[in-house]
Every structure is written in C-alpha cells, then in structure tokens.
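Chains, contacts and geometry: an overview
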There are 2 protein chains.
Amino acid sequence: MSSRSRRTASLLSAALALILLPIASAAAAPPRIEITETAAFDASSVAAFAGDYADVYAYLHQHRDADLAQLQRWVRQPSISAQNQGIAQMAELLRKDLQTLGFRDTALVPTSGHPGVYGYYDAGAAHTLVVYMMYDVQPIEPTGWKVDAFAGTLVDDPALGKVLMARGATNQKGPQRAFLNALDAIIKVRGKPPVNLIVLAEGEEELGSPHYPEVVAKYEAQLRKADGVFFPMNTQDRDGQASMFLGVKGILYMELEAKGNAKSGGPQRAEVHGSLAAKLDSPSWRLVQALATLTTPDGEIAVPGYRDAIRAPNVEEQRLFNGIVRGRESEQAKQLESLGAARWKNGRGFRDAAAAELFDTTLNIDGLVAGYTGEGVKTILPHRAVAKVDSRLVPDQTPDQALALIRKQLDAKGFDDIEIRKLSGYPPAQTSVDAPLTRAALGVYRKYGQTPPVAPRIGGSAPYYVFTQTLGLPMIAGGLGHGSGAHAPNEYMVVEPLKGSKVAGLEEGERFYVDLLYSLADALKQPGK
Amino acid sequence: MSSRSRRTASLLSAALALILLPIASAAAAPPRIEITETAAFDASSVAAFAGDYADVYAYLHQHRDADLAQLQRWVRQPSISAQNQGIAQMAELLRKDLQTLGFRDTALVPTSGHPGVYGYYDAGAAHTLVVYMMYDVQPIEPTGWKVDAFAGTLVDDPALGKVLMARGATNQKGPQRAFLNALDAIIKVRGKPPVNLIVLAEGEEELGSPHYPEVVAKYEAQLRKADGVFFPMNTQDRDGQASMFLGVKGILYMELEAKGNAKSGGPQRAEVHGSLAAKLDSPSWRLVQALATLTTPDGEIAVPGYRDAIRAPNVEEQRLFNGIVRGRESEQAKQLESLGAARWKNGRGFRDAAAAELFDTTLNIDGLVAGYTGEGVKTILPHRAVAKVDSRLVPDQTPDQALALIRKQLDAKGFDDIEIRKLSGYPPAQTSVDAPLTRAALGVYRKYGQTPPVAPRIGGSAPYYVFTQTLGLPMIAGGLGHGSGAHAPNEYMVVEPLKGSKVAGLEEGERFYVDLLYSLADALKQPGK
C-alpha cells in the first residue's frame, strides 16, 4: 500500500479518458459505472499562491548537501515492518529528529504492534496542522536490485539525472525527510513555523496500519482540536507532471487456509508421501477449488452481492473523473509499458480501466504457498495450503461486510472448512476538492507552474479514515518531486534532475514544502475548513 | 518417491480388504475396479529356505558395533539431490566403499544430472545379480526435526528400542549399507559371494530418476547378461510384519506455470502493486482457475479420458490383492492414525482405498507458489504463479499420454497459455509372483518366521522399468528391518529393538541379507528366471 504506488496506480489510469463503461458482458465484466455529469474540474481555475520566502529558499540552497545527507541517513536505516527489521531503531531515529528540530513534546507510542511516533511543535499559533508519516518500508525483493537497498546510493540515471536509489527513497522516507528539511529551514530562518504541528507517524503502513488507530486514540483529544492533516509525497511523474488525489480505497487483507481436518479429510499433522493422493484428500486441491469459486474463469469477482454496497460516483467525483481522463487516451501505450502489461484486464478499454480503478472494488491474490516450492522434484501431499488475498474497498463497502460475503460464498459452495484469517481491514477515506486545505495546496502547485489533475481517489489504500472519519478532519497529500519503484526493486527518488527536466530536484521540492506550509496555515484560518 | 514410503503407503492399504469398489457416484469417485477372482495368494505355501551360514552370522555378531558405525557414516554424509548438497561426496563415498569391499571394477558414471555409481564383483560364478541402489535423500523439512538430520544420532524410542534417527536412515542408506555389511561378512568368512554382483546406483531417485537410463545404457551389454535385480529395503512395519511388493507405479511430474503474457494479460516483467488488480489480469487467478479444471470440487480427477488407458487387474494381481486385504479391515483406524488423517479420500471405504492405491492413477499437488509467502501483509499482484503436480501411473498409462490429456483439457478450457514443464516421467514396472527370484526371497522370509503379504504393486514410483522393461530382468526388493519417516522429519531405522519385539535389529537384518544372497544365487540357476 505504498503511497507512491497508489499515486502511480491512480495517475496511470487517471490519465485515461472517457465517461461510460460499456454494458457488462456476462459475469466477466465489472458493473456499469454511470458518469452523467459532463462538467470537468480544472485546477487552472485556482489562483497561484502569492507567498514568497526568499530568505528560507536561500537557506535551503546553502544547506542542500546536508539536506541530501539527511535523506540518505533515513534510507540507510532499514525498517521492514513485515519482518520487524530495524523498526525500533527507525522509530527512535524519527523521534530524535523531531526533538532536534524543536518539537518540545516527542514520544514513542507503544501499540499491540510496532510503535507509533508522536511529536508536538508549539508555534504559539491559533491553528494546528497534523502531519501524517509512515516510517516503515516494504520487504526487499530477493533479486533485481542493482544496489544495496539500504546503502543510500546515488545513481546517475541517463534519463532522469541523479537519483537516490534505496528502499524507502520515495515510499516514503524521501519526501517526508524533505518536508522536515523545509520545516528546519523555516525554523532556523524565521524562528518558528506559521502553524502548530503534530507529527503522528506509524511503523505499520505497509502492513495495512492495523494499530494506527491505537496511536490516534492516545492523542484523540488533542487531535480533535487540530484543523487538518497533511502527508508529504512525491507527486510528479517522470515527465514532471504533478497530480493530486483526494481519497484512498479501503482494504480487506486475508489469509485463506485449507488444512487436513475431520470434515474434508487430508493429513492433519504433517505432509505425507505424494503417492497417498490415491486414498487421502488434498488440502491443496481444496484451496484451489475454494478460491476458484471467488472469481470467474477469467478472473472477475464472482462473489454474489460483492458490489451491492458500492454507491454510484457523486457529482464531484464525476467532475474530477472528467477532469483527469479527458484527452489522455494517447497515453495508454506508455502506461501499459510502464506496468509491463500487454492489455488492460480482460481486454477492457483504457477508459473503463481508469473508471474501474477509481470506482470499483478488487479481489487480488497477493501470495500462494503449499508444500514444496524449491527447485526440482519433491513428491509430497502437503497438509496445508495458504492464499494471501486482498480486496480494495470503495464507498460504501466495509471490510466486515466484504469478509462476510466471501465467507458466505465459500460456505454456500461447501467450503466452510476453509479458514479465513483477517490480517487487516479499514474503510476508504476522502476529502472534498472544495475544502480550503485542498485549494491552498492547488494554489502552491499553480505557483510552481503545475495544473495538477485531481483524482477523487486512487486505486491504493491508506488508513486516512482515522482522520477523515474518526476525527472529521480534512486531509491532503502533496509535494513536488518524482520517484518510483515502491514495492519493487531499485526504488528511487530524483534528487538532481537533468537540465531542462520539469521534475523538481530535492531543493525545489523543499521550497515547495515551505510555501505549502504557509499556504496551508492561511487556509486553516478560513471557515469551513 | 521414497521406497520406504512406497512400502508404507502400500502396506497400509495392502492391509485393507475387499473386492469391489462401489458404483462411482458422479464425477466424484474413481472408476469401478473389477475383482472377479476369488482365490488368494498365500506365502505360507512357499517352503522355508534351508540354508545356514553360522560362521558368517558369528562374524556379523562380532562386528556389530563396527557395522552400525558404517550406517552412521553413510547418513552423516548429506546427499540431497534436489538441492545438489553433498551429492559428489556421497557418490565417491559409495564408490570407495565398493572398492574396499573387493569390487574390482568401480566407477562414477557421469550423466546429464547427478553421477551414477557402478561396481562389479567377479565371483567367478555362472550367474550375475544386479543390485540397484540410490545414494540420494530427500530435502530436510525446515521444522519438526528433534535431532540434527545429518548427525547420525542414536535415539532410544520407548516403543521401538534404539533407533538411528537421520535423513536417509531407512530411505535408503540404512538397508543398503546393512546389505553391504552382510556382503562384507560373506567375503571375509567365505572368500567370495555365491554370485557375481553388479551394483548400479543413482543419485537422483528422489528427483524421479531422470538420468538413470543413461547409467543403465552405459552398461547395457553387461546388464543384459545378468539374471535378476535386487533392491535392499526395510520391509517390516512397527509390529514386525514383513511384506513384499512386486511392482511400482510410474510417474509424471510437472510444473504448471501461469505468467503475464500477451494473450491472457497481466504483468510480464515483475510483480506490480496489488491495487492494480482493478485493471490488470492476474496470473495467480489464472493458475487457480486452470488447476480447478483438472479436478472436481472435491478433488477427484476431472481430466476427460484420463483413466481410459488403465487395464483391469489381471488374475495374478487379483489373487495378490485378495491375499493382502482379506481379514485386515480391523487395521483401518491404526492406518489412518499413522497418516494423521480422519478418513479416506472423500469418505471411501478402506477396501476401496486399498484398491485405488494399487490399481488407480492419481493427480497430486506437491507444491504451490506465487507472490509474497512470508509473514504478514504485502500487497502485490504477482507476475507468475507455479504449481508442482505429479500423477502416479498404472498399466497401461504412459507419461506422455497422461501429459497430453492434461494439456488437452487445459486447452479445451481456454488455458492454452498455461505452460507445462515435464520434470520427470517413466512407466510402471512389475515382476511375477511366480518368478524364481520372488519365490527365493519368500523362502528366506519363511525361514525368519514371516508370511509376508505380497502386493502386486505399491502406490509409489521407482524407475524399475529400466530393468523389467528395458532389460527384461526380474526385479525384487526385500529385507528384514523397520524404519519410517521417509520424506518427513525424524526419519529413523530400528537398530536394536526392545526385547520381545518382532522387529529385526541391524544384526538380524544383516543375517537375512546373507541368506537372501545365497537363496537368490540358487534361484538364478533355475530356468525361467
């Protein structure tokens, strides 16, 4: 659930066009998604932010080498939440950095899982901005890395310029530390930021944020007095086009397991010799047949009623969709190439693919494992088989209702012996394009010559519901910069673009964060935020 | 394809009874297997072997500690063929041992895979016995081992006595080295064995013996002049009951792979973010749906025509079946318990299970793997998914015909993009109960107070076709001793049984091999061998 990948996933399809999905053909197509609104949102209608902070920009320029070193220091500290590698060290590193920056109150926040990190900067201001951060990263792929994923290596990319290539470079350590560099410059030059800040970080975002609500709960009273939430993020594609999104999908992440048991037979203690398949049941076949009842032969969701809770896109969502897909048909080939795919799902048009990604749910196999998976031949009848499955949720789906429908389908097909373990689940989240916070961010993009497409949501998930739903706060994510490869080998963030590139380097990205912080501070003073 | 497990697999069901499978219910049952013969083979009709070799037995008794140390030395040398661990060392260890025993010609036999081992002992006799051996072992299970699998540890089992607990203890190093200990005693006491010996070993039995034919081919001319083939094996169950089997199933071992491609879509280069399931096809769902077309929802083979080539059991096979299943119904509970299973496949009666194991084919998932299989949550859409699948073959199935039927079914269901890689394949093999070699072995069992049930074949596979089919030689496997846990943690062989146990210890097992060698030598002189 990398934010960067969320953005990539979204923009690739956001950059696609059109209004209507064709009539669904049999079970093999998603439901008709009605887009009746014809107007399209256009960010150029927003005035450019007028603020100018030359003295702070100058400080950033003088300290650009030290600021890059800060990003390297962060990515050199492993923090793989799925494998609990370096988590405690990274949490303390972040807490200490906040303290060093001048956050008076800082704390590690114990949870049932990895700790959260809290920091409060009292600027004596009337308003308070919450900054969401994640300090964990994805596991390392066993093959494909050109560099040590935790060495903080600078690589010269012939097409992009100098990039920082490391796990976490863009998801999410790079942009987060760049934001702190900008904040540091403001404090050093101007004495304090224009708004009080609460940094509330988690170390389990890549796990689906199972315990972030505990972190929020501990500071709920203080958070309720805050005025909005911000998440630093690289939003430029490799051509320099920045973008915004206002919401995220929810998620349900499960393990489905078949094992030998009294009802469905099969070995219960351990694997047995493969020849025993002549007279013993196989948990592996059981899992395969159970999974097969969840999709059609061509991989479309076949769980009865699974889409019933999905509401049609509202007028704002339709306008935003129109705004991001219109006139982008030509980019399909590039988008497919970047994904290494030859077509969209079951040959859909790319407009349909774009609409599906924004407005439809998913059922995805993240992993499958049973028995012998090594090289060559081993003949066994495994006693257990497990599938990791996730589903992305759109309004008004909920994790529990989605889980219940999957359970019901398995039971109805006679697979009530298949165990479902819920590893993570939370609902979607969204903020309005008319929120002062959103418009303040758009103004800063306009100042930097950007007219960002604004997506109502993205295909990926994040636990923003704790802010938008639990606390009722508006939340936006943004920043100027480009990175890629989240959840993949050779993750990178551009730090020094080639001459003439529209991609912002680290220093320009930090200037953007300076402006954004002042712009958001202004917005927080407005009513209806 | 552990010989020991083959025996276990076989005897557990061989100890079951009855004649007719019930009428198949829908697709969910195997075909009707007609057993019309009512007579039953009874080994008590064979006269006990009269030979007595007290001087050799005495030598074995004097050297029992040294002989046990030989077994430990063998199991302490890892030789995992699937992972190429210790293979070269074990091959040379075996060759050197043969040389030390007095085999004049010995050689490592290079193949396209792991080397074979050849040894010729010229006893100046008129007849020659081929001894088949396998020097490789199964991989080690990551969990469940009570001892270092390669330490050659002696463990006191309260129910069995002193056992050698190690990978290969019973499959197949223990019985093979015990046989060589017996041969060593004969040579030391009597100067030479009663028959010329050709040891022809392979290091890929656990891989399905893909290159053993190359080893046989190299010595084919000499092998054609031989008179029969023997394979040393522990054949006693934990109660001391010995058994024989006269044949093995063949096997087809495949990898089925789904990956992103132009026809079925999906990411082709690498895994992508899981949220992209909204618009990209999934090779994992593709594999699941393809596999689901090969069986019914309850795991029975659903490949059209897959059983058409299976011939009905002949009269000898029916007599043998009657002989091994009659009056054994009472052992079902014990058999199921030993397998850790609550029932036979889809609730079959245990007589049907026994018949299925001897006379039916299988389709088994040995392994499944796709995407992220570690702890916790990782949300990816994997670009490839693989299943390891094996099928046990009975007369007159062939690997190529079975593979063609599976290919045809996948193609017919629209899964022609699923790649099938054949990793191993060979036909079944069988020797007659009336062969002099068989009767000679039965005579020795009789001398040791055993009346072994004789199975026409077992559920497992071995490459005996190279002897029975390619060379036209009779082949038997046998020995006195008990071990278990082949292809599982804590594999063991009993070396010193508890007082009163009917299980033979190492020394008695070696005496058995002495008698057997003389008995087989006599048989080879008879016509019609």
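The shown structure was predicted, so the numbers you read here are calculated from the model rather than taken from an experiment.

Residues and elements named next belong to chain A. One pass over the structure, following the stated rule, counts 36 aromatic pairs over all chains. Ring geometry for Tyr132 and Phe231: centres 4.8 Å apart, planes at 85°, overall edge-to-face. Residue Tyr132 is located in strand β3 (residues 128-134), and its partner Phe231 is located in strand β7 (residues 228-232); the two are separated by 99 residues in the primary sequence. When its relative accessible area of 0% is taken as the criterion, Tyr132 is described as buried. Each ring, one from Phe179 and one from Phe230, has its centre 5.6 Å from the other, and the planes form 50°; the classification is tilted. Residue Phe179 is found in helix α5 (residues 173-190), and its partner Phe230 is found in strand β7; the two are separated by 51 residues along the sequence. Owing to a relative accessible area of 2%, Phe179 belongs among the buried residues under this scheme. Classification of Phe230 by relative accessible area gives buried; the value is 0%. Taken together, the ring pairs connect Phe179, Phe230, Tyr445, Tyr448, Phe512 and Tyr513 into an aromatic cluster. Note that Arg511 overlies the ring of Tyr57, its terminal NZ or CZ placed 5.9 Å from the centroid.

So, about the side chain of Gln318 of chain B. Residues and elements named next belong to chain B. Position of Gln318 relative to the elements: it lies in helix α9 (residues 315-325). A distance of 2.8 Å separates a polar atom in the side chain of Gln318 from the backbone nitrogen of Glu37. Discounting residues that sit within four places of it in the chain, Gln318 has contacts with Glu34, Ile35, Thr36, Glu37 and Pro313.

Turning next to the pattern of salt bridges. Counting across every chain of the model gives 74 salt bridges over all chains. Arg286 of chain B serves as the salt-bridge partner of Asp417 of chain B, at 2.7 Å between the closest nitrogen and oxygen. Of the two residues, Asp417 of chain B is situated in the loop between α12 (399-412) and β15 (419-426) and Arg286 of chain B in helix α8 (residues 283-292); the sequence distance between them amounts to 131 residues. Three or more residues joined by partner-sharing salt bridges are found here, namely Glu255, Glu257, Lys259, Arg384, Lys388, Glu419 and Arg421 of chain A.

On to the domain arrangement of chain A, then. Residue and element names in this part refer to chain A. We note that the domain assignment places domain 1 (45-246 + 431-525) and domain 2 (250-310 + 360-426) within chain A. Here domain 1 and domain 2 have C-alpha centroids that lie 37 Å from each other. Buried area between domain 1 and domain 2, summed over both chains or domains, comes out near 630 Å², and the portion from carbon and sulfur atoms is 53%. The largest share of the area that domain 1 buries against domain 2 comes from Gly208, Arg457 and Ser461, three residues that together contribute 58% of it. Inspection of the region where domain 1 meets domain 2 yields zero salt bridges. For the pair domain 1 and domain 2, the number of links is three residue pairs in polar contact (both at pLDDT 80 or more). Residue composition of the side of domain 1 that touches domain 2, by class: four nonpolar, five polar and one charged.

Another aspect to go through is the interface of chain B and chain A. In this complex, chain B contributes 90 residues to the contact, which on the side of chain A involves 90 residues. The contact between chain B and chain A buries some 7600 Å² in all, and 56% of this surface belongs to carbon and sulfur atoms. Inspection of the region where chain B meets chain A yields eight salt bridges. Its salt-bridge partner being Lys279 of chain B, residue Glu357 of chain A comes within 3.2 Å of it at the nearest N-O pair. At the boundary of chain B with chain A, the tally comes to 43 residue pairs in polar contact (both at pLDDT 80 or more). Here the side of chain B that touches chain A gets eight residues from one element, more than from any other, and that element is strand β12 (residues 364-371) of chain B. Partitioning the side of chain B that touches chain A into residue classes produces 39 nonpolar, 32 polar and 19 charged. The pairing of strand β12 (residues 364-371) of chain A with β12 of chain B spans five bridges and is antiparallel. Residue pairing for β12 of chain B: Leu368 of chain A is matched across the bridge by Ala370 of chain B.

Here the UniProt feature "domain: Peptidase M20 dimerisation" (unreviewed entry) sits at residues 271-414 of chain A. The distance separating the terminal C-alpha atoms of residues 271-414 of chain A is 24 Å; by composition the span is 37% helix and 15% strand.

Residues and elements named next belong to chain A. Running from N to C, helix α9 (residues 315-325) and helix α11 (residues 350-359) point in directions that differ by 140°, and their axes come no closer than 12 Å. Accordingly, the angle class assigned to the pair α9 and α11 is oblique. In this structure, the crossing between α9 and α11 has a hand that is right-handed. Note on element contacts: α11 touches α9 through Arg351, Ala354, Ala355, Leu358 and Phe359, opposite Glu317, Phe321, Ile324 and Val325. Taken together, the residues that form the contact of α9 with α11 break down as seven nonpolar, no polar and two charged.

Laying chain B over chain A is done by rotating through 180° and shifting 0.1 Å along the axis; what remains is an RMSD of 0.1 Å. The operation mapping one copy onto its partner corresponds to a two-fold rotation axis. Residues of chain B ranked by C-alpha distance from the rotation axis are headed by Val369 of chain B, positioned 2.3 Å from it. A high fraction, 100%, of the interface residues of chain B reappear at the interface in chain A, so the copies pair face to face through one surface.

For the rest of this paragraph, the subject is the packing of α5 of chain A against helix α15 (residues 506-524) of chain A. All names here are of chain A. Between α5 and α15, the least distance of the axes is 8 Å, while the angle of their chain directions is 65°. As for how α5 packs across α15, the hand of that crossing is right-handed. Contacts from Pro175, Ala178, Phe179, Asn181, Ala182, Leu183, Ile186 and Arg190 in α5 reach Leu506, Glu510, Tyr513, Val514, Leu517 and Tyr518 in α15.

Gln172 of chain A follows Asn171 of chain A through a cis peptide bond whose omega is 15°. Looking at the element boundaries, Gln172 of chain A is found in the loop between β5 (161-165) and α5. Cis geometry marks the peptide bond from Pro395 of chain B to Asp396 of chain B, where omega comes out at 0°. Position of Asp396 of chain B relative to the elements: it lies in the loop between β14 (384-393) and α12. Even without being glycine, Asn346 of chain A reaches a positive phi, approximately 50°. Mapped onto the secondary structure, Asn346 of chain A falls in the loop between α10 (332-339) and α11.

Residues and elements named next belong to chain B. In spatial order, the strands read β1-β2-β6-β3-β7-β18; together these six strands make up an open sheet with mixed pairing. The open sheet has two edge strands, β1 (105-109) and β18 (475-478), and neither has a second partner. Neighbouring strand axes in the sheet, compared pairwise and without regard to direction, differ in orientation by 20° on average. The strands touched by helix α13 (residues 436-447) within the sheet are β7 (228-232) and β18, with β18 carrying the most contacts at an inclination of about 15°. Here helix α15 (residues 506-525) sits on the sheet in contact with β3 (128-134), β6 (196-202), β7 and β18, set at roughly 170° to β7.

Here we come to helix α12 (residues 399-412) of chain A. Residue and element names in this part refer to chain A. With 14 residues, α12 should reach 20 Å at 1.5 Å per residue; the first-to-last C-alpha distance of 20 Å fits that figure. Buried within α12 are the following residues: Pro399, Ala402, Leu403, Leu405, Ile406, Gln409 and Leu410. Down the axis of α12, the buried side of the element spans an arc of 160°, and every buried residue falls inside it. Facing away from the buried side of α12, by more than 90 degrees, are the exposed residues Asp400, Lys408 and Ala412. Directly after α12, the chain includes Gly414, whose backbone phi takes a positive value near 90°.

Definitions and limits used
Residues numbered from 1 in each chain as written. Chains lettered and ligands numbered in written order. Predicted model: local features only at pLDDT ≥ 70, side-chain atom pairs only at ≥ 80, totals over all residues. Heavy atoms only, no water. Phe/Tyr/Trp six-rings, centres within 6.5 Å; stacked < 30°, edge-to-face > 60°. Helix = DSSP H or I, 4+ residues; strand = E, 2+ residues; numbered from the N terminus. Buried < 20%, exposed > 50% of the residue type's maximum accessible area, 1.4 Å probe, protein only. Lys NZ or Arg CZ within 6 Å of the ring centre and 35° of its normal. Polar contact = N/O pair within 3.5 Å; in protein donor to acceptor, adjacent residues only side chain to side chain. Contact = heavy atoms within 4.5 Å. Salt bridge = Lys/Arg side-chain N within 4 Å of Asp/Glu carboxyl O. Domains from an automatic or database assignment. Buried area = accessible area lost by both parts, 1.4 Å probe. Nonpolar A, V, L, I, M, F, W, Y, C, P; charged D, E, K, R; others polar. Pairing = 2+ DSSP bridges. UniProt positions renumbered as here; feature names shortened; annotations may be inferred. Axes fitted to C-alpha atoms, helices over the stretch in contact; angles between N-to-C directions. Parallel < 35°, antiparallel > 145°, perpendicular 65-115°, else oblique. Left-handed = near helix turned anticlockwise from the far one by under 90°. Least-squares fit on C-alpha atoms with pLDDT ≥ 70 in both. Expected span 1.5 Å × (residues − 1). Arc of directions from axis to C-beta.

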